[in-house]
Amino acid sequence: MSDEEQSTGPLLAVEDLHVEFRSRGRSVQAVNGLSYTLDEGETLAILGESGSGKSVGAQAVMGILDTPPAHVTKGSVRFRGTELLGLPEKKRRDYRGAKISMIFQDALSALNPVHRVGDQIAEMLIVHRKSSRGEARKRAIDLMDRVRIPSAASRVNDFPHQFSGGMRQRVMIAMALALEPDVLIADEPTTALDVTVQAQIMKLLAELQEEMRMGLILITHDLGVVADVADRIALMYAGRVVEEAWVEDLYARPAHPYAEGLLASVPRIDVRDRSLTPIKGSPPNLAAIPSGCPFHPRCPRARDRCSTEVPELRLLQAGEGAPDRSGARSGAPSPHRSACHYAEEVSGGR
């Protein structure tokens, strides 16, 4: 680790990040003040409906947005205290893949269909580590073994279309881990996979994250996927975080009406004869985000103030420390934050 990366702060800190897309005189605010932190060995789930800015925010952190039309207009992305935004592209490549890596949601599209999977994994090592082709190929086989692809040595020469959806996703994980990054961003890693394969992929990610002590950012819209693997949840709406809490605390005491609505729309096996309650309406048009709280047109608790004043993401309670799988609490308290004018009324009424 270089001197410039020495830091006692979080592993990754994103602060007030803004991303807009400009085309034909129009501007779309895809990310509108995104802030979160990630510590070493922690799993942060970033949740939200499609169009909430989850993936665009992750691509901005990675520095892989196409400019134009995308423009990062404001904010900060710090890795171990080093500011990444504004770095020359050559320097940014030193962090991309080696320090912060990403698993994309559609493995079939992300993998090059005309190159063998072993060559695609090996390329990371050849470019970044200057490994010989022989060394890189051997390492590619080791990585395929590590992510539990059967008969890796014989499948290293196969093309992406010769793998099932779950095995292609394992290839993507092997590529992301090739340079042993400190931060792994998994963008909808179980999209289009059946439930059994979803569970296998999530279990694999959790085991690799614990083994390597990586910080893991899990991007998803599925509350069920993160329940057993995440430590904290950052819930996004209209390009910003509207609630942040330990997973157990958000599930038990949602403080934002959006969080409450999402939980009410998820089937539960422990509650009988309970009707699901969908959230009315649709996510906002990001080219014309409503004034005030962007959720107010869909919120059953909205009042006059909600249509004019933008609520800040504010502290509700200091918390009792991180809950482990047994429910015991330990470590430094983590704040429960919510961007709702009336969050105490919502959470206090449950």
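Residues numbered from 1 in each chain as written. Predicted model: local features only at pLDDT ≥ 70, side-chain atom pairs only at ≥ 80, totals over all residues. Heavy atoms only, no water.

Per an unreviewed UniProt entry, the protein chain carries the name ABC transporter ATP-binding protein and comes from Actinoallomurus iriomotensis. Quoted verbatim from the Sequence similarities (unreviewed entry) field of the UniProt record, the comment on the protein chain reads "Belongs to the ABC transporter superfamily." UniProt, in the comment section headed Subcellular location (unreviewed entry), describes the protein chain in these words: "Cell membrane". (UniProt positions renumbered as here; feature names shortened; annotations may be inferred.)

Caption draft 1: Seen up close, the pairing of strand β3 (residues 43-47). Most of β3 is tucked away: five of the five residues are buried. Pairing analysis gives five bridges linking β3 to strand β8 (residues 215-220), with the strands arranged parallel. Bridge pairing in β8 places I46 opposite I219. Taken together, the four bridges between β3 and strand β9 (residues 232-237) define a ladder with parallel strand orientation. Paired with L44 across the bridge in β9 is R232. (Buried < 20%, exposed > 50% of the residue type's maximum accessible area, 1.4 Å probe, protein only. Helix = DSSP H or I, 4+ residues; strand = E, 2+ residues; numbered from the N terminus. Pairing = 2+ DSSP bridges.)

Caption draft 2: Structural detail: the side chain of H296. Relative to the assigned elements, H296 resides in the loop between α11 (257-264) and β11 (314-317). Of note is the side chain of H296, whose polar atom sits 2.8 Å from the backbone oxygen of C293. If sequence neighbours within four positions are ignored, H296 has contacts with P290, S291, A302, C306 and S307. (Polar contact = N/O pair within 3.5 Å; in protein donor to acceptor, adjacent residues only side chain to side chain. Contact = heavy atoms within 4.5 Å.)

Caption draft 3: Examining the nonpolar core more closely. Residues I103, I121, M144, I173, L184, L205 and Y258 are the most contacted members of the largest nonpolar core, which totals 65 residues. Ignoring anything within four residues of it in the chain, the contact list for Y258 reads G48, E49, L235, M236, Y237, V242, I279 and F295. Counting residues in hydrophobic clusters, the runner-up holds 33 residues, among them V31, L44, V61 and I185. (Core = buried A, V, L, I, M, F, W, Y, C linked by side-chain atoms within 4.5 Å.)

Caption draft 4: Up close: the sheet that holds strand β4 (residues 70-79). With respect to topology, four strands assemble into an open sheet ordered β2-β1-β4-β5, the strand pairing being antiparallel. On the outer flanks of this sheet lie β2 (26-38) and β5 (82-83), each paired with one strand and no other. In the sheet, strand β1 (residues 12-23) pairs with β2 via ten bridges, with the strands oriented antiparallel. Bridging across to β2, V19 finds its partner in V31. Strands in contact with helix α1 (residues 54-62) are β1, β2 and β4; relative to β1, the strand with the most contacts, it is inclined by about 110 degrees. (Axes fitted to C-alpha atoms, helices over the stretch in contact; angles between N-to-C directions.)

Caption draft 5: Quick look at the packing of helix α4 (residues 117-129) against helix α7 (residues 165-177). Running from N to C, α4 and α7 point in directions that differ by 20 degrees, and their axes come no closer than 8 Å. Classed by the angle they form, the pair α4 and α7 counts as roughly parallel. Crossing handedness for the pair α4 and α7: right-handed. Two secondary-structure elements touch here, α4 through V117, Q120, I121 and M124 and α7 through V171, A174 and M175. Taken together, the residues of the contact of α4 with α7 sort by class into six nonpolar, one polar and no charged. (Parallel < 35°, antiparallel > 145°, perpendicular 65-115°, else oblique. Left-handed = near helix turned anticlockwise from the far one by under 90°. Nonpolar A, V, L, I, M, F, W, Y, C, P; charged D, E, K, R; others polar.)

Caption draft 6: Structural detail: unusual backbone geometry. Between T67 and the following residue, P68, the backbone shows a cis peptide bond with an omega angle of -10 degrees. Looking at the element boundaries, P68 is found in the loop between α1 and β4. Of note in the backbone geometry, R80 takes a positive phi value of approximately 50 degrees without being a glycine. When you line up the elements, R80 lands in the loop between β4 and β5. Judged by relative accessible area, which is 14%, R80 ranks as buried. Look at S151: it is not a glycine, yet its phi comes out positive at around 55 degrees.

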